[in-house]
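Notes for the structure review
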There are 2 protein chains.
Amino acid sequence: MEEVLYFNELYDLYSGLLTDKQREYFEDYYFNNLSFSEMAENYDVSRNAIFKQIHIVTDKLKEYESILKLHEKREKLEKLIEKVSDDTLKNELNELF
Amino acid sequence: MEEVLYFNELYDLYSGLLTDKQREYFEDYYFNNLSFSEMAENYDVSRNAIFKQIHIVTDKLKEYESILKLHEKREKLEKLIEKVSDDTLKNELNELF
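This section reports on the structure supplied with the text. Residue indices begin from 1 for each chain and proceed along its sequence in written order. Each chain takes a letter, starting from A, and each ligand takes a number, starting from 1, following the order in which they are written. In keeping with the model being predicted, local features are shown solely for residues with a pLDDT of at least 70 and side-chain atom pairs are shown and tallied solely at 80 or more, while totals for entire chains, interfaces and linings include all residues. Here the side-chain values reflect all heavy atoms present in the structure, with hydrogen atoms and water set aside.

Strands are runs of DSSP state E lasting at least two residues, helices are runs of H or I lasting at least four, and both sets are numbered from the N terminus onward. Helix and strand counts for chain A come out as six helices and zero strands. Listing the helices and strands of chain A from first to last along the sequence gives α-α-α-α-α-α. Taken against the 2.2 N^0.38 rule, which gives 13 Å for 97 residues, the C-alpha radius of gyration of chain A at 17 Å runs more than 25% over that of a compact globule. Each principal axis of the C-alpha atoms in chain A carries an extent, and together these give about 55 × 25 × 25 Å. Each residue is placed in one exposure class: buried if its accessible area under a 1.4 Å probe, protein chains only, is under 20% of its type's maximum, exposed if it is over 50%, and partly exposed if it falls in between. With 97 residues in all, chain A has 36% of them scored as buried. Throughout, a residue-residue contact means that at least one pair of heavy atoms, one from each residue, lies within 4.5 Å. Of the contacts made within chain A by residues no fewer than 6 positions apart, 48% connect residues no fewer than 24 positions apart. Accessible areas in this description were obtained via Shrake-Rupley with a 1.4 Å probe; residue shielding takes into account the shown protein chains only. As displayed, chain A offers around 6000 Å² of accessible surface, 45% of which is attributable to carbon and sulfur atoms. Working convention for charge: Lys and Arg count positive, Asp and Glu count negative, and His plus the chain ends are omitted. Where a charge lies is defined by one atom per residue type, namely NZ (Lys), CZ (Arg), CG (Asp) and CD (Glu). If you average the places of the 13 positive and of the 22 negative side-chain charges in chain A, the two averages end up 7 Å apart. We compute the radius of gyration from the C-alpha atoms alone; for a globule the expected value is 2.2 Å times N to the 0.38, where N is the number of residues.

Here it is in structure tokens:
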């Protein structure tokens, strides 16, 4: 479950770097909660092909995070923003990322 | 000149997403100030091939910025950080990005 949340957050940061097809697979599985069987039927491919594609997409997301570290930086930023005393400034900072 | 600075800043943000070869070309041209002729000789290709490769790399950097907008966000963040009154916190925020 925690992994699902993590992938969702990575997707939020890096989906623009994926292909349309990769986004479709990811959203069907992680957002629309389709099973591999349902997706296999919809795309007219084997369950195994779906399984592989999902892995390719999540590996891509992890690769982007290992290079750009936006998730890690955002978490650190959020902790620092909490220490900002001015509420208006705090809101402006929170809206940025 | 301003464009050179901009590309350097984009490179700072996105070089990890480029291939080794793309990084080499970029650094030879923008960091080491080699001419197209010098690079053509070093890589044993035509000046035109170098010219094209440099364009491909800068287009890639601009594409990443159009998708992820890290340069734009960092500039906004820097302006907001200036308003932070606590100097320790300001430094911690500046070190993040």
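What follows concerns unusual backbone geometry. All names here are of chain A. We note that Asn33 has phi near 55 degrees; this positive angle belongs to a residue other than glycine. Relative to the helices and strands, Asn33 resides in the loop between helix 2 (20-31) and helix 3 (36-43). The exposure class assigned to Asn33 is exposed, which follows from its relative accessible area of 61%. The phi dihedral of Asp44 falls on the positive side, at around 55 degrees, and the residue is not glycine. Take Asp44: its relative accessible area is 70%, and that puts it in the exposed class.

Take it as geometry only, folks, not as evidence of what the structure does.
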